[in-house]
Each structure stands twice: as C-alpha cells, then as structure tokens.
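# A structural walkthrough
Okay, here's what each chain looks like letter by letter:
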Amino acid sequence: MDKRQAIGSWLSGPRAAMEEAGADFGYRGKELGLPEEGPGALAGTGRRLGALAVDWALCLLIAYGLITDGYGQATSNWALLIFLVLSVLTVGSVGFTPGKRLFGMRVVELGTGRVNPLRALLRSVLLCVAVPALIWDRDGRGLHDKLARTVEVRI
C-alpha cells in the first residue's frame, strides 16, 4: 500500500476502508428488517428535515398568530411547546405529524408497526431537547428513535 492509498482511505472514512477490504454493510435498514426501497423503507434525511421544517413553521405560525403579538423569544418558547404537544398527539395516535404526512412518512415501532403513546411522548421530548436527534447511527436513525425503539419509514 502506498502513501496515497493510505491517506485516501483515511479521508474517505472507516466505512469506505472496510468496504474496500471486503465488508458488506448492506443498505440502510437491512439490519432492522426493512425493505431497501418503496413503502416501509427508511425515510431519507432530506424528507425528515423537510417534515421537521414544515412542522416547526406551522408551530411558529400558531404561536405567532394566536398566542404572542410579535416575534420574539416568547414566540419561540410557545412554538416549542406547541411542537411537543403536536408531535405527541399526532404521532401517538395516527403515526405522523402534518409535515411527515406531507413528505410521505410515518413513525412506527420496530416490533409492532404502530406507535405506543408513551413511546411517542419519549420520542417527542427527546426530539425537543435536540441533542439526541443530532446523534445518528449508520442507518440514519437518531438517538431519540433508538431510545424509543421507533423508526421513520416511507408510506
């Protein structure tokens, strides 16, 4: 192995180096028993971020229009509370928020395919803390999903 190849494997990361050595990681969601494509497959990062943006904008609009009379810190605090309530109620009952539905996603529990309201509460609280949602595994699931044993799949 020459120096360029060693440096190239370091720059491309450990996954690329392992794949070059012959390891097969498969597609995202394979270890969870999910299909590679189509309904039931893991939702992509772009879809999840888009749904989050739609839900947050909706909560900001509600907080701005109905609760506060101007945009400020109070509006953001109310929007976070509205987001928590919206997420717990909608994910815990039908499995998706308005943004998730718009982007064609659903939150399901790994074992049952439905979401228990207590798991939805745990997932939503951890999502509002934000740090667990920024820690991902190789499938792209956030720590909030791993702790609640849920996954976002495509409809």
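All chains use their own residue numbering, which begins from 1 and follows the written sequence. pLDDT decides what is reported in this predicted model: residues at 70 or higher carry local features, side-chain atom pairs at 80 or more are listed and counted, and totals for whole chains, interfaces and linings draw on all residues regardless. The side-chain figures draw on all heavy atoms in the structure; neither hydrogens nor water molecules are used.

### Remarks on the overall build of the chain
What the chain contains, in helices and strands, is seven helices and two strands. The order of helices and strands in the chain, counted from the N terminus, is α-α-α-α-α-β-α-α-β. Per-residue accessibility, obtained with a 1.4 Å probe over protein chains only, is compared with the maximum for each type, and a residue is labelled buried under 20%, exposed over 50%, and partly exposed between these values. In the chain, buried positions account for 35% of the 155 residues. The contact criterion used throughout is that any non-hydrogen atoms of two residues lie within 4.5 Å. Across the chain, contacts joining residues at least 24 apart in sequence account for 56% of those joining residues at least 6 apart. Here the chain has roughly 9200 Å² of accessible surface; of this, 65% comes from carbon and sulfur atoms. Secondary structure follows DSSP: runs of H or I at least 4 residues long count as helices, runs of E at least 2 residues long count as strands, and numbering of each begins at the N terminus. Using a 1.4 Å probe, the Shrake-Rupley method yields the accessible areas, and only the shown protein chains count as cover for residues.

### Considerations on a nonpolar patch on the surface
To count toward a patch, a residue needs a relative accessible area above 30% and no salt bridge. Like charges then connect within 9 Å, nonpolar side chains (Val, Leu, Ile, Met, Phe, Trp, Tyr) within 5 Å. Here, a salt bridge means any Lys or Arg side-chain nitrogen found within 4 Å of an Asp or Glu carboxyl oxygen. A contiguous nonpolar surface patch, about 720 Å² in accessible area, is contributed by Leu58, Ile62, Leu66, Ile67, Trp78, Leu81, Val85 and Leu89. At the level of elements, α3 (45–67) and α4 (73–93) are the ones that each hand at least two residues to the nonpolar patch. Relative to the assigned elements, isoleucine 67 resides in helix α3.

### Concerning the environment of glycine 95
Looking at where glycine 95 falls in the secondary structure, it is placed in the loop between α4 and α5 (98–102). On the basis of relative accessibility, which here comes to 4%, the residue glycine 95 falls in the buried class. Placed 25 residues apart in sequence, glycine 95 and alanine 120 show a C-alpha to C-alpha distance of 8.7 Å. Beyond its immediate sequence surroundings of up to four residues, glycine 95 is in contact with Thr90, Arg106 and Val107.

### Overview of unusual backbone geometry
Across the chain, the bulk of peptide bonds are trans and the bulk of non-glycine residues have phi less than zero. Residue alanine 130 is not a glycine yet carries a positive backbone phi of 80 degrees. Since its relative accessible area comes to 35%, alanine 130 is described here as partly exposed. The phi dihedral of arginine 149 falls on the positive side, at around 55 degrees, and the residue is not glycine. The topology assignment puts arginine 149 in the loop between α7 (143–148) and β2 (150–154).

### Brief notes about the pattern of salt bridges
One pass over the full model with this rule turns up seven salt bridges. Arginine 48 is paired through a salt bridge with glutamate 152; the nearest N and O atoms lie 4.0 Å apart. With arginine 48 in helix α3 and glutamate 152 in strand β2, this pair connects stretches of sequence that are 104 residues apart. Accessibility classification places arginine 48 together with glutamate 152 in one group, the buried group. Of the charged contacts, one joins aspartate 137 and lysine 146 as a salt bridge, the two residues approaching to 3.3 Å between their closest N and O atoms.

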